[in-house]
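# Residue-level structural notes
Spelled out from the first residue to the last, the chains are:
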Amino acid sequence: MSHNATVVRAEASGLGAPRRATPERSADVAVVGAGPAGAAAAIHLARCGRKVVVVDRARFPRDKCCGDGLTSLALRHLDHLGLDPAAVASWTPLDGVRIRIPAGVEHRFELPAGPGIYAAVARRMDLDAAVVELARIAGAEVIEGTAVNAAEVLPDGRVQLGLSDGSVLSAWYAVGADGMWSPLRKLLGAGPAGYLGDWHAARQYFRRTGCEARQMWVWFEGDMLPGYAWSFPLPGGAVNVGFGIHRRAEVPTGSMKALWADFLSRPHVARVLGPYAEADGPLKAWPIPTRIGTSPLVAGGGRVLFVGDAARAGDTMTGEGIAQALETGQLAAAAIVSAGAGAPAVAGRRYRLTVAGGLLADDLLARGFSRVMAHAKGANGWLPIAIKTAFGRREFAPWMFEHYPRALPATPYRWRRGILAEPGAFAASASRPLH
Ligand SMILES: Cc1cc2nc3c(=O)[nH]c(=O)nc-3n(C[C@H](O)[C@H](O)[C@H](O)COP(=O)(O)OP(=O)(O)OC[C@H]3O[C@@H](n4cnc5c(N)ncnc54)[C@H](O)[C@@H]3O)c2cc1C
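Analysis parameters
- Residues numbered from 1 in each chain as written.
- Predicted model: local features only at pLDDT ≥ 70, side-chain atom pairs only at ≥ 80, totals over all residues.
- Heavy atoms only, no water.
- Near = heavy atom within 4 Å.
- Polar contact = N/O pair within 3.5 Å; in protein donor to acceptor, adjacent residues only side chain to side chain.
- Helix = DSSP H or I, 4+ residues; strand = E, 2+ residues; numbered from the N terminus.
- Nonpolar A, V, L, I, M, F, W, Y, C, P; charged D, E, K, R; others polar.
- Expected span 1.5 Å × (residues − 1).
- Bend = angle between axes of the 7 residues up to and from the residue.
- 1 Å grid on protein atoms, 1.4 Å probe; cavity = no way out; pocket = protein on both sides within 12 Å on 5 of 7 lines; lining within 4 Å.
- Points joined across faces, edges and corners; volume = space filled by probe spheres on them.
- Salt bridge = Lys/Arg side-chain N within 4 Å of Asp/Glu carboxyl O.
- Buried < 20%, exposed > 50% of the residue type's maximum accessible area, 1.4 Å probe, protein only.
- Pairing = 2+ DSSP bridges.
- Axes fitted to C-alpha atoms, helices over the stretch in contact; angles between N-to-C directions.
- Parallel < 35°, antiparallel > 145°, perpendicular 65-115°, else oblique.
- Left-handed = near helix turned anticlockwise from the far one by under 90°.
- Contact = heavy atoms within 4.5 Å.

Contacts to the ligand come from 38 residues, most closely from D56, G67, G69, D309 and G321. Residue V148 places a main-chain N or O atom 2.9 Å away from a nitrogen atom belonging to the ligand. Where the shell around the ligand is concerned, the elements lending two or more residues are α1 (36–47), β13 (199–207), β15 (228–233), β18 (284–288) and α7 (322–339). Considered class by class, the residues forming the shell around the ligand number 20 nonpolar, nine polar and nine charged.

Right, dumping it as structure tokens:
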């Protein structure tokens, strides 16, 4: 792959007209979006010696509407990428989750005692900036405050991106990590048009919360099924509270504000937040794209690979997407590295195959569970079953938080000895190789 330096190309803008300078950069891979998906791709590519330019329209640290919850799988990816939790100011490890079903029954499921951690909460403002910094340290060039607003696959195979500062970036591959609305997907006409997301979710920060809010809460409310609400603890008495509903569910997304006010007044929620809780910022809403594989993962004959929310990688059952963003970012990067600059069709095929092997079975299972959770009978029925046996009480939280693949029994090729008892993330960062 080429390692061209930044060049300035003089463009004629008409006969006899003055010549206009169009700054032009080139790279092996251009990554559009520096959220978890784009940053993970950039880290992997840069560590494999590829020249990577990442472009994000935001400046970091930037907020992202999110529950800020990190599953065991997300933590393992962050550990693998080399994140130091100490670099994330709001890092809050957790040891269990308290769940309430619509019938009013509550139960706390414990996560393994260690070594390592199995769940955490971290404000996206802090987390994403730390992961972008890892991409820089790995050698990627990160251009902030600049949007991609034009895209084309040239006849010679290069992907050419127009940036909002008037410059042009061309690369052998582009990774579309530009989130739910993926402008790159639209610019390339890589459809489907009019997609609005499968979940609609909202969150609000609160401060001065009570001691019950020091643990992680998940509430299955009868009027949100198969969605749910949460309260995730942050340092200094702060929490991230929010809810997600399916777009096709009973609650019209237009009435989310009214539902939110009603939800906060429910006694079991008010009890957890405590009498002194006060809002710290507005309620923010954003869609969550899920059901990976139902939008093209690849465009331009393999020159453009979509990852994270741009690939609809979010978990269909829980709406979580950070782990899936980190995973698809690295899978796309690995496919590009192994195929090389001249074999985009191979890169595209490898990416599709590894996504199918790594994420599709879990998502299909999640779609099935979602259908069960859509009805009060299902939402009330699973918890008594889960807590009936010691195995259920012990394994539910690790299974739910993807300490191991949820569809493991259906995909024996992912089985390895001791997989259920592996340590959590960050147990041995110092001695573990990165790749
Ligand atoms: C309310 C809510 C709660 C959630 N809670 C959780 C949770 O607790 N845990 C969890 O794992 N997941 C959660 N999710 C899902 C999670 O937020 C996403 O799945 C995750 O952020 C996807 O990461 P990404 O890198 O694909 O996209 P993003 O994080 O959205 O990053 C995309 C980046 O692309 C940039 N961009 C966009 N357009 C352009 C352009 N034209 N040019 C350049 N850059 C561009 C953006 O500025 C942004 O930085 C939640 C989502 C919502 C809405």
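Another aspect to go through is helix α8 (residues 344–373). Taking 1.5 Å per residue, 30 residues should reach 44 Å; α8 reaches 41 Å between its end C-alpha atoms and fits that length. The largest bend along α8 measures about 45° and falls at L359.

What follows covers the layout of surface pockets. The rolling of a water-molecule-sized probe over the atoms marks out the regions of remaining empty space. There is about 780 Å³ of room inside the second largest pocket. Forming the boundary of the second largest pocket are 32 residues, of which F369, W382, F396, W399 and M400 lie nearest the centre. Breaking the lining of the second largest pocket down by element, the ones donating at least two residues are β6 (96–100), β14 (216–219), β15, α8, α9 (376–386) and α10 (390–400). With six residues, α10 is the largest single contributor of residues to the lining of the second largest pocket. Tallied by class, the residues present in the lining of the second largest pocket amount to 26 nonpolar, three polar and three charged.

Attention now moves to the pattern of salt bridges. Taken as a whole, this structure holds 28 salt bridges when the rule is applied. A salt bridge links R25 to E141; the shortest N-O distance between them is 3.1 Å. Of the two residues, R25 is situated in strand β2 (residues 20–32) and E141 in strand β9 (residues 141–143); the sequence distance between them amounts to 116 residues. Classification of E141 as partly exposed rests on a relative accessible area of 31%. R108 is paired through a salt bridge with E110; the nearest N and O atoms lie 2.8 Å apart. E110 sits in the partly exposed class, given a relative accessible area of 41%. Connected through shared salt-bridge partners, R98, R100, E106, E212 and R271 make up one network.

Residue F60 is joined to P61 through a cis peptide bond whose omega torsion reads 0°. Following the sequence through the fold, P61 ends up in the loop between β3 (52–55) and β4 (69–70). Of the consecutive residues G191 and P192, the connecting peptide bond is found in the cis state with omega at -5°. Structurally, P192 is set in the loop between α4 (183–187) and β13. Not every positive phi belongs to a glycine, and R312 is a case in point at roughly 60°. Tracing the sequence through the fold places R312 in the loop between β20 (304–306) and α7. For E402, which is not a glycine, the phi torsion comes out positive at approximately 55°.

Let us look at the sheet that holds strand β8 (residues 119–121). Within the open sheet, the three strands sit side by side as β4-β8-β5. Their pairing is antiparallel. Looking at the sheet topology across the chains shown, the edges are occupied by β4 and β5 (92–94). Both β5 and β8 contribute to a ladder of three bridges, which runs antiparallel. Within β8, the position partnered with P93 by the bridge is A120.

Time to look at the packing of helix α2 (residues 72–81) against α7. Any two packed helices are characterised by the angle at which their axes cross and by the distance between the axes. Contact geometry of α2 with α7 gives a least axis separation of 8 Å together with a crossing angle of 45°. By the angle class used here, α2 and α7 are oblique. Viewed along their axes, α2 and α7 form a crossing whose handedness is left-handed. In this structure, α2 contributes L73, A74, H77, L78, H80 and L81 to the contact, and α7 contributes I322, A323, L326, E327 and Q330.

Functional significance is not addressed by these values, which are geometric in nature.
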